[in-house]
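These are the residues of each chain, in order.
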Amino acid sequence: MAIKTVGVVGCGLMGAGIAQVCAQAGYETVVREIEQGILDAGLRRIAQGLAREVERGRLKPEDRAATLGRLRGTLELEELGGADLVIEAAVEEIQVKRELFAALDRLCAPSAVLASNTSSLCILEMAVATGRPDRVLGLHFFNPPPVMKLVEVVRTIVTSAEVFEQVMGFARALGKVPVVAKDTPGFIVNLLLIPSLLDAIRAVEEGVATIADIDQAMRLGCGHPMGPLTLADFVGLDTTYRIANILYDEYRHPRYAAPPLLRRMVLAGHLGRKSGQGFYDYRGPEPVPAELVR
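Let us look at the structure shown here. Computed from a prediction, not measured in an experiment: that's the story for all the values here. (Residues numbered from 1 in each chain as written. Predicted model: local features only at pLDDT ≥ 70, side-chain atom pairs only at ≥ 80, totals over all residues. Heavy atoms only, no water.)

### As for the overall build of the protein chain
Note the following rule: Only DSSP runs of H or I covering at least 4 residues are called helices, and only runs of E covering at least 2 are called strands; the numbering of each starts at the N terminus. Throughout, the radius of gyration refers to the C-alpha atoms, and the reference size of a globule is 2.2 Å times the residue count to the power 0.38. The criterion used for residue contact is that any of the two residues' heavy atoms lie within 4.5 Å. Using the Shrake-Rupley algorithm and a 1.4 Å probe, accessible areas are obtained, with residue cover drawn only from the displayed protein chains. By the counting rule applied here, Lys and Arg register as positive and Asp and Glu as negative, while His and the ends of each chain are not counted. In plain terms, the charge of a residue is placed at NZ if it is Lys, CZ if Arg, CG if Asp and CD if Glu.
Along its length, the protein chain carries 11 helices and 10 strands. Relative to the 2.2 N^0.38 estimate, which gives 19 Å for 294 residues, the radius of gyration of the protein chain is 20 Å and therefore close to what a compact globule would have. Projected onto its principal axes, the C-alpha positions of the protein chain cover 55 × 45 × 35 Å. Counting contacts in the protein chain only where the partners sit at least 6 residues apart, residues at least 24 apart contribute 65% of the total. Entry remark: accessible area of the protein chain is about 13800 Å², with carbon and sulfur atoms responsible for 55%. Between the mean site of the 32 positive side-chain charges and the mean site of the 35 negative ones, the protein chain shows a separation of 3 Å.

### Describing the nonpolar core
Definition in use: Nonpolar cores were defined as sets of buried Ala, Val, Leu, Ile, Met, Phe, Trp, Tyr and Cys residues, with membership established by side-chain atoms within 4.5 Å. Any residue under 20% of the maximum accessible area for its type is buried, any over 50% is exposed, and the rest in between are partly exposed; the area is computed with a 1.4 Å probe on protein chains only.
Counting 33 residues, the largest nonpolar core has Val6, Ile87, Leu139, Val153 and Phe170 as the members making the most contacts within it. Top contributing element to this core by residue count: helix α1 (residues 13–24), with six residues. In contact with Val153, other than residues within four places in its own chain, are Leu137, Gly138, Leu139, Phe164, Val167, Met168, Pro178, Val179, Val180 and Ala181. Counting residues in hydrophobic clusters, the runner-up holds 27 residues, among them Ile211, Leu229, Ala232 and Leu271.

### A few points about helix α4 (residues 94–107)
Residues spaced three or four apart along an α-helix face the same direction, because each turn holds 3.6 residues. Put simply, the test is: Each residue after the first adds 1.5 Å to the expected span of a helix.
In this model α4 runs 20 Å from its N-terminal to its C-terminal C-alpha over 14 residues, within 8% of the 20 Å that 1.5 Å per residue would give. Listed as buried for α4 are Lys97, Leu100, Phe101, Ala102, Ala103 and Leu104. Residues of α4 that are buried in the fold lie against β1 (5–9), β2 (28–32), β4 (85–88), β5 (113–116), α5 (123–127) and β6 (136–141).

### What about the sheet that holds β4?
As a reminder of what qualifies: Strand pairing is assigned whenever DSSP identifies at least 2 bridges connecting the two strands. Note on geometry: axes are C-alpha line fits, over the in-contact stretch for helices, and angles between N-to-C directions span 0 to 180 degrees.
Taken together, eight strands build an open sheet; the order of strands is β3-β2-β1-β4-β5-β6-β7-β8 and the sheet is mixed. At either end of the open sheet lies a strand with only one pairing partner, and these are β3 (71–74) and β8 (177–182). Between one strand axis and the next, the sheet turns by 25° as a mean value, whatever way the strands run. Sheet analysis places strand β7 (residues 150–155) next to β8, joined by six bridges and oriented parallel. Residue Glu152 lies in a different strand from β8, and its bridge partner there is Val179. Relative to the sheet, helix α2 (residues 36–55) contacts β2 and β3, its axis offset from that of β3 by approximately 165°.

### Notes on the packing of aromatic side chains
Rules: Only Phe, Tyr and Trp rings take part, Trp by its six-membered ring, and two of them pair if their centres are within 6.5 Å. Stacked means planes under 30 degrees apart, edge-to-face means over 60, and tilted covers everything else. Lysine and arginine charges are scored as sitting over a ring when NZ or CZ, respectively, is within 6 Å of the ring centre and within 35 degrees of the ring normal.
Taken as a whole and assessed by the stated rule, the structure comprises three aromatic pairs. On the numbers, 5.4 Å between centres and 35° between planes, the contact of Tyr251 with Tyr256 is tilted. For Tyr251, a relative accessible area of 32% translates into the label partly exposed. With a centroid separation of 6.5 Å and 55° between ring planes, the pair formed by Tyr280 and Tyr282 is classed as tilted. In this pair, the class of Tyr280 matches that of Tyr282, namely buried. Between the NZ or CZ atom of Arg155 and the centre of the ring of Phe164, over which it lies, the distance is 4.5 Å.

### Section: the environment of Ile188
Within the secondary structure layout, Ile188 lies in the loop between β8 and α7 (189–205). With relative accessibility at 33%, the residue Ile188 sits in the partly exposed group. The spatial distance from the C-alpha of Ile188 to the C-alpha of Arg242 is 17 Å, given a sequence separation of 54 residues. Residues contacting Ile188, with those up to four places away along its chain left out, are Glu152, Val179, Val180 and Ala181.

### A closer look at the side chain of Arg135
Worth spelling out the cut-off: Side-chain atoms alone can form a polar contact between residues adjacent in sequence; in general such a contact is a pair of N or O atoms within 3.5 Å, and within protein one must be able to donate a hydrogen while the other accepts it.
With respect to the secondary-structure elements, Arg135 resides in the loop between α5 and β6. Within the local environment of Arg135, its side chain forms a polar contact with the backbone oxygen of Ala112, the two atoms lying 3.5 Å apart. Leave out the neighbours within four places in its chain, and Arg135 touches Pro110, Ser111, Ala112, Val113, Leu114, Glu162, Val163 and Gln166.

### Brief notes about the side chain of Asp281
Tracing the sequence through the fold places Asp281 in strand β9 (residues 280–281). Take Asp281: its relative accessible area is 17%, and that puts it in the buried class. Setting aside residues up to four positions removed in sequence, Asp281 forms contacts with Gly276, Glu286, Pro287, Val288 and Ala290.

### A closer look at the pattern of salt bridges
Definition in use: By definition here, a salt bridge exists when the distance from a side-chain nitrogen of Lys or Arg to a carboxyl oxygen of Asp or Glu is within 4 Å.
With the rule as written, the count across this model stands at 11 salt bridges. Measuring nitrogen to oxygen at the nearest pair gives 3.5 Å for the salt bridge that ties Arg56 to Glu53. For Arg56, a relative accessible area of 51% puts it in the exposed group. The class of Glu53 is partly exposed, set by a relative accessible area of 22%. As a salt-bridge pair, Glu162 and Arg135 come within 3.9 Å of each other at their nearest N and O atoms. Here Glu162, found in helix α6 (residues 161–173), pairs with Arg135, found in the loop between α5 and β6; they are 27 residues apart in sequence, far enough to count as distant. Given a relative accessible area of 48%, Glu162 falls into the partly exposed group. Connected through salt bridges with shared partners, the residues Glu53, Arg56 and Arg58 form a single ionic network.

These figures capture arrangement, not role.
Pasting the structure below:
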């Protein structure tokens, strides 16, 4: 069955971005959030982002209006019952996701496909909470979804070939480049990225070099667009810590063990850009390396 209507669970940074991408690609899109304030903020972020694209000449005013016309928000999960595809972008907690998938399974038509935007959790663990595990898979977008071209399509050992091909086509219809990953923690990107971020944090912890020099070395020496510590701040140190713990619990390999410095920064609320302070201090006109007590 062709995908015509998309539901998105969550209207935070990722959920709102995914909803925008779907609506821009021509899909009727319903995004659900549990709090009106978060929903309003997400929809406002989408409208502002589209307005900036019009100002820059990248989007026609009529296309902005059409996109917003295809998008609506709701506080009711039941409003997603008519969707052909539902993409979950809720909090990164497996029990929350299992409960959501069980509820969506009851609400959605048997033909509907259920997908998770999780960056690291086991897709099959969500799928078995439903009566349609063959119609569940991972659809991992990258931040910010309207800009980043990559989507990881995560196929479990029970995902049907039909659903897999359908979602691969959907990702391409969004203008994304899909890559296929097995249902293993971290998939492709985080499996390789997280150890490199943890190594950079260990280098700070051990006094190998300054924060600025570590980032400068990786930018100029390896051609990375941003250094690993800047990237960790951008991702969120709490998110980095959570993914590291998920990977370590699965693989039990030291390369996935979170350094003590990372844990202490998270405990202190120094989460990176989102909190105003991480490895850099973002509270001034320009980010500057933070003074860390190690």
